[in-house]
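Listed below are the residues making up each chain.
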Amino acid sequence: MKIDWNNFKSKTLNITMPENYGVVYGNEKVNHPTFYEIVFKTGVLLEVYDDGLLLESNRDEKPYKIFVPYNSIKCVEIF
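Only a predicted model underlies this, so the values are computations on that prediction, with no experimental measurement involved.

Asks: I'd like a description of the overall build of the protein, backed by residues and values.
Replies: Secondary structure summary: the protein contains 0 helices and 5 strands in total. Helices (α) and strands (β) of the protein occur, in sequence order from the N terminus, as β-β-β-β-β. Classification of the 79 residues of the protein by burial places 25% in the buried group. Taking the intrachain contacts of the protein between residues at least 6 apart in sequence as the baseline, contacts between residues at least 24 apart amount to 46%. Roughly 6,200 Å² of accessible area belongs to the protein as shown, and the carbon and sulfur atoms make up 51% of that amount.

Asks: Outline the environment of Y64, supporting the account with residue identities and numerical values.
Replies: With respect to the element layout, Y64 can be found in strand β4 (residues 62–69). Residues Y64 and G43, spaced 21 residues apart in sequence, show a C-alpha to C-alpha distance of 9.5 Å. Ignoring sequence-local partners within four residues, the contact set of Y64 consists of L55, E56, S57, N58 and R59. In terms of polar contacts, Y64 uses its side chain to reach the side chain of R59, at 3.4 Å.

Asks: So what's going on with the packing of aromatic side chains? Which residues, and what values?
Replies: As enumerated under the stated definition, the model contains 2 aromatic pairs in all. Residues Y49 and F67 carry aromatic rings whose centres are separated by 6.2 Å and whose planes lie at 55° to one another, so their mutual orientation is tilted. Of this pair, Y49 sits in the loop between β2 (32–48) and β3 (52–59) while F67 is found in strand β4, placing the two residues 18 residues apart along the sequence. We classify Y49 as partly exposed; its relative accessible area is 39%. We note R59 situated over the ring of Y64; from NZ or CZ to the ring centre the distance is 4.8 Å.

Asks: Mind laying out the side chain of N14, listing which residues take part and the relevant values?
Replies: Mapped onto the elements, N14 comes out in strand β1 (residues 12–29). N14 gets classed as buried once you look at its relative accessible area, which sits at 14%. Among the polar contacts listed, one links the side chain of N14 to the side chain of T42, at a separation of 2.7 Å. Excluding residues within four positions of it along the chain, N14 makes contact with F40, K41, T42, C75, V76, E77 and F79.

Cut-offs used in this document
- Residues numbered from 1 in each chain as written.
- Predicted model: local features only at pLDDT ≥ 70, side-chain atom pairs only at ≥ 80, totals over all residues.
- Heavy atoms only, no water.
- Helix = DSSP H or I, 4+ residues; strand = E, 2+ residues; numbered from the N terminus.
- Buried < 20%, exposed > 50% of the residue type's maximum accessible area, 1.4 Å probe, protein only.
- Contact = heavy atoms within 4.5 Å.
- Areas by Shrake-Rupley, 256 points an atom, 1.4 Å probe, with all protein chains shown as cover.
- Polar contact = N/O pair within 3.5 Å; in protein donor to acceptor, adjacent residues only side chain to side chain.
- Phe/Tyr/Trp six-rings, centres within 6.5 Å; stacked < 30°, edge-to-face > 60°.
- Lys NZ or Arg CZ within 6 Å of the ring centre and 35° of its normal.

Don't take any of this as a statement about function, it's just geometry.
Here it is as structure tokens:
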């Protein structure tokens, strides 16, 4: 099944991905970063490309863009 993602531009997407791990520098223990499992990407759909989706979101009150390749998408919730 193919989806025309252009129909969902400006909508908020909550993307579930296969298990991945990310590093967040925060509460460090003996100079080692804390590891978190990152399985969700959430943001407003800005653009659709042949190989993935571009989302915009905010972290620490700063906007940033996220590119999610199609092969990294397990499930999508659309709001």
